[in-house]
Amino acid sequence: MAWLRVYSPVYDEGVDKWRFLYGDHPIYADISQTAIAHDATARGGALINDLYKVKLQVTQHLTKGGNLR
């Protein structure tokens, strides 16, 4: 389990990725398999710093410069 903090709220329920803070790092997280967007829309939106406790799968990739991201 992980805590994600809303970094940049989205008000379109059809958007698959939201921007969150994971620790101190901004990330894009795919929320398409969750009710986060629906629940936030029902409440009137999500605010910066709203917290969500989620089951999170983390993936990494190599950048063109050879660094892990």
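Residues numbered from 1 in each chain as written. Predicted model: local features only at pLDDT ≥ 70, side-chain atom pairs only at ≥ 80, totals over all residues. Heavy atoms only, no water.

Colleague: I'd like a description of the packing of aromatic side chains, backed by residues and values.
Modeller: Enumeration over the complete set of coordinates arrives at two aromatic pairs. Measuring from centroid to centroid gives 6.1 Å for tryptophan 18 and phenylalanine 20, while their planes differ by 25°, and the two rings are stacked. For the residue pair tryptophan 18 and phenylalanine 20, the accessibility class agrees, reading buried in each case. Here phenylalanine 20 and tyrosine 52 contribute two aromatic rings whose centre-to-centre distance is 6.3 Å and whose plane-to-plane angle is 85°, an arrangement assigned as edge-to-face. Of this pair, phenylalanine 20 sits in strand β2 (residues 17-22) while tyrosine 52 sits in strand β4 (residues 51-54); the two residues are 32 residues apart in sequence, bridging distant segments of the chain. In this structure tyrosine 52 comes out as buried when scored by relative accessible area, which is 12%. Joined through ring pairs, the aromatic side chains of Trp18, Phe20 and Tyr52 make up one cluster. (Phe/Tyr/Trp six-rings, centres within 6.5 Å; stacked < 30°, edge-to-face > 60°. Buried < 20%, exposed > 50% of the residue type's maximum accessible area, 1.4 Å probe, protein only. Helix = DSSP H or I, 4+ residues; strand = E, 2+ residues; numbered from the N terminus.)

Colleague: Before we move on, can you summarise the sheet that holds β2 with the specific residues and values?
Modeller: Strand order in this open sheet of four strands is β3-β2-β1-β4, and the pairing throughout is antiparallel. A single partner strand is all that each edge strand has here, and the edge strands are β3 (25-30) and β4. Recorded for the sheet is a direction-independent mean angle of 45° between the axes of neighbouring strands. Strand direction decides the pairing type here: strand β1 (residues 2-8) and β2, joined by three bridges, are antiparallel. Looking across to β2, one finds that valine 6 is bridged to phenylalanine 20. (Pairing = 2+ DSSP bridges. Axes fitted to C-alpha atoms, helices over the stretch in contact; angles between N-to-C directions.)

Colleague: If you had to explain the nonpolar core to someone new, which residues and values would you point to?
Modeller: The biggest cluster of nonpolar side chains holds 13 residues, and the ones touching the most others in it are Val6, Trp18, Phe20, Ile31, Ile36, Ala46 and Tyr52. Listing elements by their share of this core, those giving two or more residues are β1, β2, α1 (36-42) and β4. Residue contributions to this core peak at three residues, all from α1. If we ignore the near neighbours within four places in the chain, the residues touching valine 6 are Trp18, Arg19, Phe20, Ala46, Leu47, Ile48, Asn49, Asp50 and Tyr52. (Core = buried A, V, L, I, M, F, W, Y, C linked by side-chain atoms within 4.5 Å. Contact = heavy atoms within 4.5 Å.)

Colleague: Any details on the environment of tryptophan 3? Residues and values, ideally.
Modeller: Inspection of the secondary structure puts tryptophan 3 in strand β1. The class for tryptophan 3 is exposed, based on a relative accessible area of 51%. Note: C-alpha distance between tryptophan 3 and arginine 43 (40 residues apart in sequence) is 20 Å. Contacts of tryptophan 3, omitting those with residues within four sequence positions, involve Leu21, Tyr22, Leu51, Tyr52 and Lys53.

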